[in-house]
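Architecture and fold: a report
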Amino acid sequence: MDRIGDWWQGLTRKMQLVGVLVGAGILLLGGWWLRPQPTALPPATPPPVSQGAHASTATSTKAAHQAATKTKIYVDVQGAVHQPGLYAFQPGMRVADALRVAGGLLSRADRRQVNLAAQLTDQQQLVIPAKGEKESAPAPTSPASVGSSRGASSAAASAGTPINLNTATLTDLQQLTGIGAKKAQKIIDYRTEHGDFKSVRDLTQVAGFGEKTVARLEPQLTVG
């Protein structure tokens, strides 16, 4: 150590300054080199979404929309109401609901002919009669009762106009000459199973209705 001290004292002032700077630099460089290095984290990446997942989501959305559409029924509300038109309803709703949506009855509406408890059906035309229109005969309690298009057929039959084979109720059909409840029910059963009659002559396809019977009834009937 004495030798180092003598050597240091023998150096010029300039050389001593240079030595101090070099030593300080070495210490700083060593400290930087020995500092702990941070561990690099892997970049965060979102989990891959397969095309099947997208397709499944789209299919579920479409199925939900179709299911919601199928649960609706559409009814054409006409006659003595404030806002006649085509409206969508949930299954199980009643004539009273349809009238509420259509703005209610007009003052000229004949409330006695309207069955508020009748259940609405898809593609039904609900016609509200006005006061002074001929009151229809009693009909079974159903969506086709008084206050519907088939109720209107009853009023037409009472007035002597042809009865529509495709919309007439059991009561309407019994107003035909020689037609009782059994034959009237056969017509309705045939219409339910095979669809609307294309012509009055198609009535010959119903059991119990021969050519002569149909020819006799033809002036009293229509299909449109």
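Note that the structure is predicted; figures quoted are calculated from it, not measured.

With that settled, consider the pairing of strand β1 (residues 73–79). Side chains on a regular strand alternate between the two faces of the sheet. Where β1 meets strand β2 (residues 85–89), five bridges bridge the pair, whose relative direction is antiparallel. Residue pairing in the sheet places Ile73 in a bridge with Phe89 of β2. Where β1 hands over to β2, the hairpin turn is made up of five residues, counted between the paired strands. Sheet topology note: the β1/strand β3 (residues 124–128) ladder contains five bridges and is parallel. Each residue of the ladder has a partner; that of Gly79, found in β3, is Ile128.

Enumeration over the complete set of coordinates arrives at four salt bridges. Across the salt bridge formed by Glu218 and Arg201, the nearest N and O atoms sit 3.6 Å from each other. Of this pair, Glu218 sits in the loop between α8 (211–217) and β5 (221–222) while Arg201 sits in the loop between α7 (181–194) and α8, and the two are 17 residues apart along the sequence. Ionic contacts of the salt-bridge type, sharing partners, join the residues Arg201, Glu211 and Glu218 into one network.

Calculation notes
- Residues numbered from 1 in each chain as written.
- Predicted model: local features only at pLDDT ≥ 70, side-chain atom pairs only at ≥ 80, totals over all residues.
- Heavy atoms only, no water.
- Pairing = 2+ DSSP bridges.
- Helix = DSSP H or I, 4+ residues; strand = E, 2+ residues; numbered from the N terminus.
- Salt bridge = Lys/Arg side-chain N within 4 Å of Asp/Glu carboxyl O.

Everything listed here is a matter of coordinates, which is why it stays silent on function.
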